[in-house]
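Observations on chain architecture
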Amino acid sequence: WNTGEKTPKIKVHPLQTSAYEVIATTDGCNAIDKVTVHVHSLPIAEAGEDVSICAGDSVKLTATGGASCEWTPGIPNGVLFTPAETRVYYVLVTNDYGCTDRDSVFVMVNPTPETPVITLKGDSLISNALTGNQWYLDDNPVHDGSFQTLIPPETGTYYTIVTLDGCVSQPS
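I will try to describe carefully the structure that is included in this document. (Residues numbered from 1 in each chain as written. Predicted model: local features only at pLDDT ≥ 70, side-chain atom pairs only at ≥ 80, totals over all residues. Heavy atoms only, no water.)

**Notes on the environment of Gly66**
The following threshold applies: The numbering of helices and of strands both runs from the N terminus, where a helix is a DSSP run of H or I of at least 4 residues and a strand a run of E of at least 2. Classification of residues uses two cut-offs on accessible area relative to the type maximum, computed with a 1.4 Å probe and protein chains only: under 20% is buried, over 50% is exposed, and between them is partly exposed. Note on contacts: a residue pair is in contact if any heavy atoms of the two residues lie within 4.5 Å.
One can find Gly66 in the loop between strand E4 (59-60) and strand E5 (68-72). For Gly66, a relative accessible area of 42% corresponds to the partly exposed category. Each C-alpha atom of the pair Gly66 and Pro8 lies 37 Å from the other, and the pair is 58 residues apart in sequence. Residues contacting Gly66, with those up to four places away along its chain left out, are Pro43, Val93 and Thr94.

Printed below as a string of structure tokens:
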């Protein structure tokens, strides 16, 4: 063998495409043969950035880095779907030579805040939501109206909407 080995078989672990040659001698006759071992690059799977959505929203997971990909659990690549729960999605990317790589993406499904309940105590309106309130007067946001308690500055119809982790409640 051109590797210097004298055995009938050799094991090679090339890092790049390499040719190997062997000379066999029998009864004074030489025979030469060559074999080329092709080394193909591994694919680099890319599942994308982690995602945070609200319950009931859709998301599209699109993996790149190979000729094909398979998501676990079985969701189609690049197609909108509505996750039921927070979880990690795994993807196996395969190139044209059958070489594979894996990646994952975390999808956080945030709950939709409960519709806030307003109570009147004295001259104050109080939301049962401790945080995330935005008070409205006649469908217009109230200036500095992001607290749990609001003392109405004028007569009108007031309500609050709660936003937590980017998810929005129904109006109270």
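Still more to cover.
**Remarks on the sheet that holds strand E11 (residues 133-137)**
Strands belonging to one sheet form pairs held by backbone hydrogen bonds; the direction of such a pair is parallel or antiparallel. For the record, the criterion: If DSSP finds at least two bridges between two strands, the strands pair.
Spatial ordering of the open sheet is given by E12-E11-E14-E15, a layout of 4 strands whose pairing is antiparallel. One side of each edge strand has no neighbouring strand; the edge strands of this open sheet are strand E12 (140-141) and strand E15 (167-168). Bridge count between E11 and E12: 2 bridges; the pairing is antiparallel. Considered in E12, the bridge of Tyr136 is made with Pro141.

**Details of the packing of aromatic side chains**
Rule in force here: Within 6.5 Å between ring centres, the rings of Phe, Tyr and Trp (the latter by its six-membered ring) count as paired, and their orientation is classed by plane angle as stacked under 30 degrees, edge-to-face over 60, tilted in between. Any Lys NZ or Arg CZ found within 6 Å of a ring centre and within 35 degrees of that ring's normal is scored as a charge over the ring.
In total, this model carries 2 aromatic pairs according to the counting rule given. Here the aromatic rings of Phe81 and Tyr89 are separated by 5.5 Å at their centres, their planes lie at 70°, and the arrangement is edge-to-face. The same class applies to Phe81 and to Tyr89, which are both buried. A ring pair is formed by Tyr136 and Tyr159, whose centres lie 5.1 Å apart and whose planes are at 10°; its orientation type is stacked. Pair noted here: Tyr136 is in strand E11 and Tyr159 is in strand E14 (residues 158-164), with a separation of 23 residues, a long-range link. Over the aromatic face of Tyr89 sits the side chain of Arg87, whose NZ or CZ is 5.1 Å from the ring centroid.

**A few points about the pairing of strand E1 (residues 18-26)**
Regular strands have side chains that alternate between both faces of the sheet. Where E1 lies against strand E2 (residues 29-37), 9 bridges are found, and the strand directions are antiparallel. Considered in E2, the bridge of Ala19 is made with Thr36. Adjacent in sequence and paired antiparallel, E1 and E2 are bridged by 2 residues, among which Asp27 carries a positive phi angle near 50°.

**A short note on the sheet that holds strand E13 (residues 149-150)**
Spatially, 3 strands are ordered E9-E10-E13 in an open sheet, and the strand pairing comes out antiparallel. Every other strand in the sheet has two partners, leaving strand E9 (118-121) and E13 as the edge strands with one partner each. Bridging between E9 and strand E10 (residues 124-127) involves 4 bridges; their strand directions are antiparallel. Counterpart to Lys121 in the pairing with E10 is Ser124.

**Points about unusual backbone geometry**
Between Thr72 and Pro73 the backbone carries a cis peptide bond, its omega angle lying at 0°. In this structure, Pro73 sits in the loop between E5 and strand E6 (80-81). A positive phi angle, close to 55°, is found at Asp165, a residue other than glycine. As for its position among the elements, Asp165 is in the loop between E14 and E15.

**Re the state of the cysteines**
Threshold: Any two cysteine sulfur atoms lying within 2.5 Å of each other are counted as a disulfide.
Under the counting rule described, the total for this entry stands at 1 disulfide. Note on cysteine connectivity: Cys54 is disulfide-linked to Cys167, with sulfurs 2.1 Å apart. Measuring handedness by torsion sign, the sulfur bridge of Cys54 and Cys167 sits at about -105° and is left-handed. With Cys54 in strand E3 (residues 51-54) and Cys167 in strand E15, this pair connects stretches of sequence that are 113 residues apart. According to the relative accessible area criterion, Cys167 is buried, its value standing at 0%.

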